[in-house]
Amino acid sequence: MPEGFTTAGARPTILVVEDEAALLALLRYNLERQGFQVEEATDGQEALLRIAEAKPDLVLLDWMLPAMSGIEVCRQIRRRPATRDLPVIMVTARTEDQDAVRALDTGADDYIAKPFAVEALLARIRALLRRSSTVPVKGSITYADIAMDQDAHRVTRNGRALHLGPTEYRLLEFFLSHPRRVFTREQLLDAVWGRDIHVELRTVDVHIRRLRKAINGDGEVDLIRTVRSAGYALDSDSI
């Protein structure tokens, strides 16, 4: 069982979507050494078929794939109700800042550029799986017109179901636990992503935008307040 995962049952399954045979073999070797079960796909269509047949616990997705790009695969994963919460890490040789933002905006939960250290990738995988895995019963949290059932892992606003990715769920859970308090980007990174992972500060801004889009419907008050030069807060008085 991978480090940090002690729940009884099958080992977490990682679907590796990569068309470079050498890198695919390297990833399989290292993931299996860490106790993960590994499935493979070498193009986007095959990846979507495998996900439909047996949903993995996490997808390690190359950006540059034949026929269908990793960006389009990620977009389709997010469109489907059964997989919209499936953790996705984008792996790519593209290193420009706008590429990282595009990957995150498309729905990826994390992004790592080639070449990368295997240990760094494994740490990101473990952190994302910890954030998205089932947690013990905690009850529910409410603020304003938002209600989070932590046991069922469901969130509603005015009775309307909200669809959040794993990172957005954790971010909202943290805000709900500390309403009206302003947190810096660094504090949010430590609380939601964890101190064992290096994530760029702009990643927080991307996920805040995604959280806003998910929780704020037409005509509803934007509950996420941006405090210039300070950070963000969950505040029902924000306008």
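Everything here concerns the structure above.
Right, let's walk through the structure included here. Per chain, the residues get numbers from 1 upward, laid out in the order the sequence is written. Side-chain atom pairs in this predicted model are given and counted only at pLDDT of 80 or more, local residue features only at pLDDT of at least 70, and totals for whole chains, interfaces and linings cover all residues. Side-chain numbers come from the whole structure's heavy atoms, not from hydrogens or water.

1. Section: the overall build of the protein chain
Counting secondary structure elements, the protein chain contains 8 helices and 11 strands. Three exposure classes are used, based on accessible area relative to the maximum for each residue type with a 1.4 Å probe and protein chains only: buried under 20%, partly exposed in between, and exposed over 50%. Every one of the 239 residues in the protein chain was classed for burial, and the buried ones make up 48%. The criterion used for residue contact is that any of the two residues' heavy atoms lie within 4.5 Å. In the protein chain, once contacts between residues fewer than 6 apart in sequence are set aside, the share between residues at least 24 apart is 59%. Residue exposure ignores everything except the shown protein chains as possible cover, and the areas themselves are Shrake-Rupley values with a 1.4 Å probe. Taken as a whole, the protein chain presents about 11,700 Å² of accessible surface, with 49% of it coming from carbon and sulfur. Helix and strand assignments come from DSSP, with helices taken as H or I runs of at least 4 residues and strands as E runs of at least 2, each series counted from the N terminus.

2. Quick word on the side chain of Thr 167
Considering the arrangement of structural elements, one finds Thr 167 in helix H6 (residues 166-177). Each residue touching Thr 167, except ones within four places of it in the same chain, is listed here: Asp 109, Leu 128, Arg 131, Val 192, Trp 193 and His 207.

3. Observations concerning the layout of surface pockets
Grid spacing is 1 Å over the protein atoms alone, the probe is 1.4 Å, and a cavity is where that probe fits but cannot get out, while a pocket is an open set with protein on both sides within 12 Å along at least five of seven lines and lining residues have an atom within 4 Å of a point. Grid points are joined across faces, edges and corners, and a volume is the space filled by probe spheres set on the points. Here the second largest pocket defines a volume of roughly 380 Å³. Lining of the second largest pocket is provided by 14 residues; of these, Arg 78, His 163, Arg 210, Lys 213 and Ala 214 occupy positions nearest its centre. Only helix H3 (70-79), helix H4 (97-106) and helix H8 (201-215) provide two or more residues apiece to the lining of the second largest pocket. A total of 3 residues in the lining of the second largest pocket trace back to one element, the largest contributor, which is H8. Following the grouping adopted for this structure description, the nonpolar residues are Ala, Val, Leu, Ile, Met, Phe, Trp, Tyr, Cys and Pro, the charged ones are Asp, Glu, Lys and Arg, and the polar ones are all others, Gly among them. Across the lining of the second largest pocket, the residue classes break down as 2 nonpolar, 4 polar and 8 charged.

4. Some points on the sheet that holds strand S9 (residues 160-162)
Read from one edge to the other, the open sheet built from 4 strands follows the order S6-S7-S8-S9, with strand pairing classed as antiparallel. Strand pairing shows two members of the sheet lacking a second neighbour, strand S6 (140-143) and S9, which therefore form its edges. Strand-to-strand twist of the sheet, defined as the mean angle between neighbouring strand axes without regard to direction, takes the value 25 degrees. One requirement defines pairing of two strands: DSSP has to find at least two bridges between them. Sheet topology places strand S7 (residues 146-149) next to strand S8 (residues 154-157); 4 bridges connect them, and they run antiparallel. Note on S8: the bridge partner recorded for Ile 146 is Arg 157. Along the sheet, H6 contacts S6, S7 and S8; its crossing angle with S7, the most-contacted strand, is approximately 115 degrees. To define axes, lines are fitted to C-alpha atoms, for helices over the stretch in contact only, and angles between the resulting N-to-C directions are given on a 0 to 180 degree scale.

5. Quick word on the nonpolar core
Leu 172, Phe 175 and Ile 215 are the most contacted members of the largest nonpolar core, which has 27 residues in total. Secondary structure elements with two or more residues in this core: S6, S7, H6, helix H7 (185-193), H8 and strand S11 (231-234). For this core, the element with the most residues is H6, which contributes 6 residues. Those residues in contact with Ile 215, other than ones at most four positions away along the chain, are Ile 146, Arg 157, Arg 160, Leu 162, Leu 164, Leu 172, Glu 220, Leu 223 and Ile 224. Formed by 22 residues, the second largest nonpolar core is a distinct cluster that contains Val 17, Ala 41, Ala 47 and Leu 61. Here the nonpolar core consists of buried residues drawn from Ala, Val, Leu, Ile, Met, Phe, Trp, Tyr and Cys, with membership extended through side-chain atoms lying within 4.5 Å.

6. Topic: the pairing of S7
Burial along S7 is one-sided: the residues Ile 146 and Met 148 are buried and none of Ala 147 and Asp 149 is. Hairpin geometry of S6 and S7 is characterised by an intervening segment of 2 residues between the two adjacent antiparallel strands and by a positive phi of about 55 degrees at Ala 144. In this antiparallel pair of consecutive strands, S7 and S8, the connection spans 4 residues, and His 153 shows a positive phi of 60 degrees.

7. As for the sheet that holds strand S3 (residues 58-62)
With respect to topology, 5 strands assemble into an open sheet ordered S2-S1-S3-S4-S5, the strand pairing being parallel. Two strands in the sheet have a free side with no partner beyond their single neighbour: strand S2 (37-41) and strand S5 (110-113). The average angle at which neighbouring strand axes cross in this sheet is 20 degrees, direction not considered. As judged from the 5 bridges shared by strand S1 (residues 13-17) and S2, these two strands associate in the parallel manner. When the bridges of S2 are listed, Val 16 appears paired with Glu 40. Along the sheet, H3 contacts S3 and strand S4 (88-92); its crossing angle with S4, the most-contacted strand, is approximately 170 degrees.

8. Observations concerning the pairing of S1
Here S1 lies mainly inside the structure; 5 of its 5 residues are buried. Residues Thr 13, Leu 15 and Val 17 of S1 are buried on one face, and the alternating residues Ile 14 and Val 16, pointing to the opposite face, are buried as well. Crossover handedness is defined here as right-handed if the route from the first strand over the helix to the second strand goes clockwise, with the strands pointing away from the viewer. Note on the crossover from S1 through helix H1 (residues 21-33) to S2: the handedness is right-handed.

9. Considering the packing of helix H2 (residues 44-53) against H3
Between two packed helices, both the angle of their axes relative to each other and the distance between the axes serve to describe the pair. Contact geometry of H2 with H3 gives a least axis separation of 9 Å together with a crossing angle of 25 degrees. The angle between H2 and H3 places the two elements in the roughly parallel class. The two elements H2 and H3 meet at a crossing, and its hand is right-handed. Across the interface between the two elements, Gly 44, Leu 48 and Ile 51 of H2 pack against Val 73, Gln 76 and Ile 77 of H3. When grouped by side-chain class, the residues that make up the contact of H2 with H3 number 4 nonpolar, 2 polar and no charged. Roughly parallel covers angles under 35 degrees, roughly antiparallel covers those over 145, roughly perpendicular covers 65 to 115, and oblique covers all other angles. Two helices cross in a left-handed way if the nearer one is turned anticlockwise from the farther one by less than a right angle. They cross in a right-handed way if the turn is clockwise.

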